[in-house]
Amino acid sequence: MTEKIPSASTTAAPFQAVLTRCADAETCADPSSVMTLLGESHDAGSGFTSYRSTFAKGAVGAPAHFHTKATELFFVISGSLQVLVGEEITVLNEGDFLAVPPHTPHAFAAAPGAEADVLFVFTPGMDRFDYLRLLGRVLRGEADPKEIAESGERFDNHYVDSPVWRAALENSV
């Protein structure tokens, strides 16, 4: 359960402090990754969504997509993450940070031969935990994959074709 901590400041904060205890964090899993839902606040169109994903070797994270409103932040806690930003493929290693601005196509997967543990933050937040839960239901066969495509506007996820990303994934097998 996520706790909201009252602010000690006398000035108006854009959202209340959010504390999620590790033992209370919700997780979503598929055969190659585990997502730990850390915190989400989307008061008055601001806020954030943050989760941690651990990827097994060979795990494919997200296909090429972009966001129209959100900036997506990546911080690699350990391992290596292969990412597409625009038309460029790069590998982020432990301690590396990446910020992807709105309207920039991007994708990610565990780097070839590596595992990855990554902290993700979106700002502003948009009920993205519901999107991650939807992904889990689709992977478990409990929801139709077309629900993901139909949710693009709601979750600000817009999928695009990327021949560069497809080639990178084919070459990493």
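For the structure, check the block above.
Rules used in this analysis
Residues numbered from 1 in each chain as written. Predicted model: local features only at pLDDT ≥ 70, side-chain atom pairs only at ≥ 80, totals over all residues. Heavy atoms only, no water. Buried < 20%, exposed > 50% of the residue type's maximum accessible area, 1.4 Å probe, protein only. Helix = DSSP H or I, 4+ residues; strand = E, 2+ residues; numbered from the N terminus. Pairing = 2+ DSSP bridges. Phe/Tyr/Trp six-rings, centres within 6.5 Å; stacked < 30°, edge-to-face > 60°.

(A) Structural context of the pairing of strand 10 (residues 106-110). Counting buried positions along strand 10 gives 5 out of 5 residues, so the element sits mostly inside the fold. Relative to strand 10, strand 6 (residues 60-66) is paired through 3 bridges, and the arrangement is antiparallel. Following the sheet pairing, A62 is matched in strand 10 by F108.

(B) The environment of R21, seen in detail. Tracing the chain through its elements places R21 in the loop between strand 2 (17-20) and strand 3 (26-30). Given a relative accessible area of 45%, R21 falls into the partly exposed group. Separated by 17 residues in sequence, R21 and L38 have C-alpha atoms that sit 8.3 Å apart.

(C) Representation of the packing of aromatic side chains. In the structure shown here, the tally under the stated rule is 7 aromatic pairs. Ring centres of Y51 and F120 lie 4.9 Å apart, and the angle between their planes is 15°; this geometry places the pair in the stacked category. Note that Y51 is positioned in strand 5 (residues 48-55) and F120 in strand 11 (residues 116-123), a separation of 69 residues in sequence. In terms of burial, Y51 and F120 fall into one category: buried. Here the aromatic cluster, defined as three or more aromatic residues joined through ring pairs, consists of Y51, F55, F74, F108, F120 and F122.

(D) Broad picture of unusual backbone geometry. For the bond running from T123 to P124, omega is 0°, close enough to zero to count as cis. Positive phi outside glycine occurs at H103, with the angle close to 70°. Within the fold, H103 resides in the loop between strand 9 (97-100) and strand 10. Overall, H103 belongs to the exposed group, its relative accessible area being 54%. The phi dihedral of D156 falls on the positive side, at around 55°, and the residue is not glycine. Here D156 is to be found in the loop between helix 3 (152-155) and strand 12 (158-159). Judged by its relative accessible area of 0%, D156 falls in the buried class.

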